[in-house]
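# Structural characterization, general
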Amino acid sequence: MISSRVLLLRSATTLSSRSFCVGGVSKQGRAPDMVDVRNRLREIVGASTNWSDHQQAMAERVSLSSMLAKSQSDLPAKRMKDSFLEVHLPLGSEPQLREKYLTYHNTVRFGRILEDLDSLGVLISYSHTYNPALKRSPLSIVTALVDKIDMRQHFIYPDCDIKFTGHVTWVGNTSIEAKMHMSQYHDGAYTSVLDATFVMVARDPQNKRAAYVNPLKPEGPEEEKLFQQGEANKSRRVALSTASLLKVAPTDEERKIVHGLFLNTLDTNTVSFCSRILPPNSVWMEDAKMKGVEICHPQVRRGTATSRNIFNRIFGGFLMRKAYELGWANACAYGGCRPNLVAVDDILFQKPVEIGSLLMLSSQVCYTQGKYIQVRVHSEVFDPLTQQHNTTNIFHFTFASDRDVPSIIPKTYGESMLYLDGKRHFNQTVES
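My aim in this report is to walk through the structure given alongside it, one point at a time. (Residues numbered from 1 in each chain as written. Predicted model: local features only at pLDDT ≥ 70, side-chain atom pairs only at ≥ 80, totals over all residues. Heavy atoms only, no water.)

Following both chains from N to C, one finds helix H7 (residues 252–264) and helix H9 (residues 413–431) inclined at 125°, their axes separated by 11 Å at the closest point. As the angle between them shows, H7 and H9 are arranged oblique. Between H7 and H9 lies a crossing whose hand is right-handed. Residue-level contacts link Glu-254, Ile-257, Val-258 and Leu-261 of H7 to Ser-416, Tyr-419, Leu-420, Lys-423 and Arg-424 of H9. The class makeup of the residues in the contact of H7 with H9 is 5 nonpolar, 1 polar and 3 charged. (Axes fitted to C-alpha atoms, helices over the stretch in contact; angles between N-to-C directions. Helix = DSSP H or I, 4+ residues; strand = E, 2+ residues; numbered from the N terminus. Parallel < 35°, antiparallel > 145°, perpendicular 65-115°, else oblique. Left-handed = near helix turned anticlockwise from the far one by under 90°. Contact = heavy atoms within 4.5 Å. Nonpolar A, V, L, I, M, F, W, Y, C, P; charged D, E, K, R; others polar.)

So, in structure tokens, the structure goes:
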């Protein structure tokens, strides 16, 4: 069942479509595409595709600090339609572009779609904060959280055009919520593919402290509902953080689940807490891992989404793509078939990843139910000189197999907490 927040977002797409409200002009005769999005983002902050020039451009942004607002009340309120954007991905009409998105099995690489959503979410946020009096924006807007991505259909056609629409739906003092909808043209009409909610944060030109953004003024009952949903999303995130298993003990019901799993694995032929037996059609959690490593190079190709973002750090969409592909591979190996993505939930960007970093990714199947596989991907930066590991991101993916999969069984207390956390995320996906 489609939630009310999704229906509200679609009704909001009746806002008039236009070129980039941040002053960008699309190529004559066609709608803006993802190349236009990324080129426009570079124009907004003064970034360059050349590594040495880009470093100099970022150093020059320091002088823009004087243009930052002293308080949110100093900034004019914006409407939701001020940030509305429509962007096309012409997979059907541009075969050369299609190659970049194709898998070996002639399906669409969803990791590429995650990159596109991230770029679009940032541009939507810049559209909301656009000041025509300024040539360049003093704000550094980055992705803080992917609140939710709900798949409305599992198959994305590799040879049909895609349309993205989205706009700002809620604003805090320094944060922005943007909702995006993706549809695909097939059989003479556009059909819904996914709905996404991203949260962005605004920082100063050096990306060191928070910066104020324009307030949002809802117009009409539908926009008011969208705004209230944004407030509810914020409250929900705070509640989930407070109840995190890294901070508080499991609930009584969850403790019973863990104890039941423990009892189900005890060897009945011995009287020992240490003798464990794996139940039939089950897999120990420690045997359901997959790892990867990335050396974060500064390379960038004009108009494309690669590892470096407009602020000389690793692009958030690149991190999401790498985490998704590792998580998908783990779910594929675990279920024995090519799984479908059901939802992306609660991707938290804790720290930026610098150019030159050694990025380590670890994927873990942490919960299963029937044909569903819940995967958690943890990313961290490793410093070989200090031997220190620092967590940068946590990713949560829900996949569906075409058959029932083995039950995942935790062995240690830490794995039991991963199991419960995965169950919470899975239940949240089902309930939405």
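In this section: the sheet that holds strand S1 (residues 85–89). In space, the 10 strands of this open sheet follow the order S1-S3-S4-S5-S2-S8-S11-S10-S9-S7, with antiparallel pairing throughout. The strands lining the two open edges of the sheet, one partner per strand, are S1 and strand S7 (289–295). Strand after strand, the sheet turns through a mean of 25° between neighbouring axes, direction not considered. Bridge count between strand S4 (residues 175–186) and strand S5 (residues 189–203): 12 bridges; the pairing is antiparallel. Bridge pairing in S5 places Glu-177 opposite Val-199. (Pairing = 2+ DSSP bridges.)

When a protein is soluble and globular, its nonpolar side chains tend to lie buried together. Core analysis: the biggest nonpolar cluster contains 92 residues, and Phe-110, Ile-113, Ile-149 and Leu-194 have the highest contact counts within it. With residues up to four places along the chain from it excluded, the contact list for Ile-113 reads Leu-89, Tyr-101, Val-108, Ile-162, Phe-164, Met-182 and Leu-194. (Core = buried A, V, L, I, M, F, W, Y, C linked by side-chain atoms within 4.5 Å. Buried < 20%, exposed > 50% of the residue type's maximum accessible area, 1.4 Å probe, protein only.)

Moving on, we get to the side chain of Thr-392. For Thr-392, the location among the structural elements is in strand S11 (residues 388–400). Polar contacts involving the side chain of Thr-392 include one to the side chain of Ser-379, which spans 2.8 Å. Residues within four places of Thr-392 in sequence aside, it is in contact with Leu-348, Phe-349, Gln-350, Lys-351, Pro-352, Val-353, Leu-359, Ser-379, Glu-380 and Val-381. (Polar contact = N/O pair within 3.5 Å; in protein donor to acceptor, adjacent residues only side chain to side chain.)

Attention now moves to unusual backbone geometry. Backbone phi values are negative for most residues with the exception of glycine, while trans is the configuration of most peptide bonds. One non-glycine residue, Asn-281, lies in positive phi territory at about 55°. Examined against the element boundaries, Asn-281 turns out to sit in the loop between H7 and strand S6 (282–284). Accessibility expressed as a relative area gives 57% for Asn-281, which makes it exposed. For Asp-346, which is not a glycine, the phi torsion comes out positive at approximately 55°. With respect to the secondary-structure elements, Asp-346 resides in strand S8 (residues 340–349). Taking relative accessible area as the criterion, Asp-346 reaches 27% and is therefore assigned partly exposed.

In helix packing, the relevant descriptors are the interaxial angle and the interaxial distance, both defined with respect to the helix axes. Helix H8 (residues 316–335) packs onto helix H5 (residues 110–128) with a crossing angle of 155° between their chain directions and a minimal axis gap of 8 Å. Considering the angle they form, H5 stands roughly antiparallel to H8. Between H5 and H8 the crossing geometry is right-handed. On H8, the residues touching Phe-110, Gly-111, Arg-112, Leu-114, Glu-115 and Asp-118 of H5 are Gly-316, Gly-317, Phe-318, Met-320, Arg-321 and Tyr-324. Class assignment for the residues of the contact of H5 with H8 results in 5 nonpolar, 3 polar and 4 charged.

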